[in-house]
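Letter by letter, the chains look like this.
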Amino acid sequence: MSVYAKLEALNITLAKPAAPAAAYVMHVQSGNLVFISGHIAKKADGSVWVGQLGKNIGTEEGQAAARAIAVDLIGTLQDACGGDLTRVKRIVKVMSLVNSTPDFTEQHLVTNGASTLLAEVFGAQGAHARSAFGVAQIPLGACVEIELIAEIA
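The following refers to the structure shown. (Residues numbered from 1 in each chain as written. Predicted model: local features only at pLDDT ≥ 70, side-chain atom pairs only at ≥ 80, totals over all residues. Heavy atoms only, no water.)

## Some details on a nonpolar patch on the surface
A grouping of Val 25, Val 28, Leu 33, Phe 35 and Val 92 is seen on the molecular surface, where their side chains present a nonpolar patch of about 360 Å² in accessible area. With respect to the helices and strands, Val 25 occurs in the loop between helix H1 (3-9) and strand E1 (27-30). Accessibility expressed as a relative area gives 48% for Val 25, which makes it partly exposed. (Patch = residues over 30% accessible without salt bridge, like charges linked within 9 Å, V, L, I, M, F, W, Y side chains within 5 Å. Areas by Shrake-Rupley, 256 points an atom, 1.4 Å probe, with all protein chains shown as cover. Salt bridge = Lys/Arg side-chain N within 4 Å of Asp/Glu carboxyl O. Helix = DSSP H or I, 4+ residues; strand = E, 2+ residues; numbered from the N terminus. Buried < 20%, exposed > 50% of the residue type's maximum accessible area, 1.4 Å probe, protein only.)

## Overview of the side chain of Thr 111
Topologically, Thr 111 is positioned in helix H3 (residues 107-122). For Thr 111, a relative accessible area of 0% gives the class buried. For Thr 111, the residues in contact, after removing those within four places along its chain, are Ala 66, Val 94, Ser 96, Val 98, Arg 130 and Ala 132. (Contact = heavy atoms within 4.5 Å.)

## As for helix H2 (residues 59-80)
Between its terminal C-alpha atoms H2 stretches 31 Å, which fits the 32 Å expected from 22 residues at 1.5 Å a residue. Phi for Gly 82, located one or two positions after H2, is positive at around 65°. (Expected span 1.5 Å × (residues − 1).)

## Notes on the sheet that holds strand E5 (residues 144-152)
The 5 strands lie next to each other as E1-E2-E5-E3-E4, forming an open sheet whose pairing is mixed. A strand with exactly one partner marks an edge of an open sheet, and here the two such strands are E1 and strand E4 (129-135). Neighbour-to-neighbour, the strand axes of this sheet turn through a mean angle of 15°, independent of strand direction. For strand E3 (residues 88-99) and E4, the ladder comprises 7 bridges, and the chain directions are parallel. Bridging from a neighbouring strand, Ser 96 pairs with Ala 132 of E4. Packed on one face of the sheet, H2 meets E1, strand E2 (33-40), E3 and E5 and runs near 140° to E2. (Pairing = 2+ DSSP bridges. Axes fitted to C-alpha atoms, helices over the stretch in contact; angles between N-to-C directions.)

## Let's talk about the pattern of salt bridges
Evaluated as defined, the whole model comprises 1 salt bridge. Between Lys 89 and Glu 151 there is a salt bridge, with the nearest N and O atoms lying 3.8 Å from each other. Residue Lys 89 is found in strand E3, and its partner Glu 151 is found in strand E5; the two are separated by 62 residues along the sequence. By relative accessible area, which is 44% here, Lys 89 ends up partly exposed. Owing to a relative accessible area of 25%, Glu 151 belongs among the partly exposed residues under this scheme.

Spelled out as structure tokens, the structure:
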């Protein structure tokens, strides 16, 4: 099944990438690698998904936020590929920052929300290296921020 058929089966519509919120660009290509800037969690209405894991957000909600970020990352990746996700050869690396209390230890489980979706959409090419960190704060109070590196043809 193609990437686009998988997105359709999952009822996912990709949006155009958001404009950068500061002095950076949304993606940079170097050789065959595309580096996607960090995307913060947003709710379906476009508002920032604010909160702190271990305080006022649980692991399941954090996973949903990470999944929503993965959808946005795929949209930005599509833009980086000139509109053609079939150019994606591999999702290489995902780095996740989870706004969490000092005693919260499930950052890796939160990040699974994004990793699982990437594997569903890209199949074996979606399996990636990953880091998941707990941090004291994320811009705009978002609960999760994720960046991605992909190899394209």
